Amino acid sequence: MPRPLGDLEDVVMTRMWQWNRPATVREVLEDLRTEREIAYTTVMTVMDKLHQKGWLRREQRGRAYVYEAVGSREAYTAQLMADAWSTTDNRATALVHFFGMMSPEERDALRAALKVVAPEGADSGAEPEPR
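Our subject in this report is the structure included herewith. Here, residues in each chain are numbered from 1, in the same order as that chain's written sequence. Confidence filtering applies because this is a predicted model: local features only for residues at pLDDT of at least 70, side-chain atom pairs given and counted only at 80 or more, and all residues used for totals across whole chains, interfaces and linings. Hydrogens are left out, water is left out, and the side-chain values use all remaining heavy atoms of the structure.

Some thoughts on the overall build of the protein chain
Phase 1 of the analysis: Every helix listed is a DSSP run of H or I at least four residues long, and every strand listed is a run of E at least two residues long, numbered separately from the N terminus. From N to C terminus, the protein chain includes six helices and three strands.
Phase 2 of the analysis: Going from the N terminus to the C terminus, the protein chain shows its helices and strands as α-β-α-α-β-β-α-α-α.
Phase 3 of the analysis: By residue count, 21% of the 131 residues in the protein chain fall in the buried class.
Phase 4 of the analysis: Residue contacts are counted whenever heavy atoms from the two residues lie within 4.5 Å of one another. At a minimum sequence separation of 6, the contacts of the protein chain that also span at least 24 residues come to 44%. Any residue under 20% of the maximum accessible area for its type is buried, any over 50% is exposed, and the rest in between are partly exposed; the area is computed with a 1.4 Å probe on protein chains only.

Quick look at the side chain of Arg15
Phase 1 of the analysis: Here Arg15 shows up in helix H1 (residues 7-19).
Phase 2 of the analysis: Here Arg15 falls in the buried class, since its relative accessible area comes to 8%.
Phase 3 of the analysis: With residues near it in sequence (within four places) discarded, Arg15 still touches Asp31, Leu32 and Glu35.

Right, dumping it as structure tokens:
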């Protein structure tokens, strides 16, 4: 069960997800410095921890590592939602509460997403995704 990202981890991962390309610590640092004062070693430590946690993969190029996001923000968010949902004994009631918090636009997005997912028991010919 993944833990939610810490504040600085989230800031770094947001950039990695937005850029959708490999990046060095120096690139992330320079971008972060447009918003805050931060040390190279702080960014390096955060990116190393994200690598150790499995959020970033890295490859050594010369003396530096180049990092890349392992999954998407959407996959991360879906996992957090699944983990939160698994903490209740009454999933149907939790869903009712959750749907009640959604805006009309979010409900429309949910309806569209449900059309993408094959109904249970339907034979789509595709292999089921691992859970």
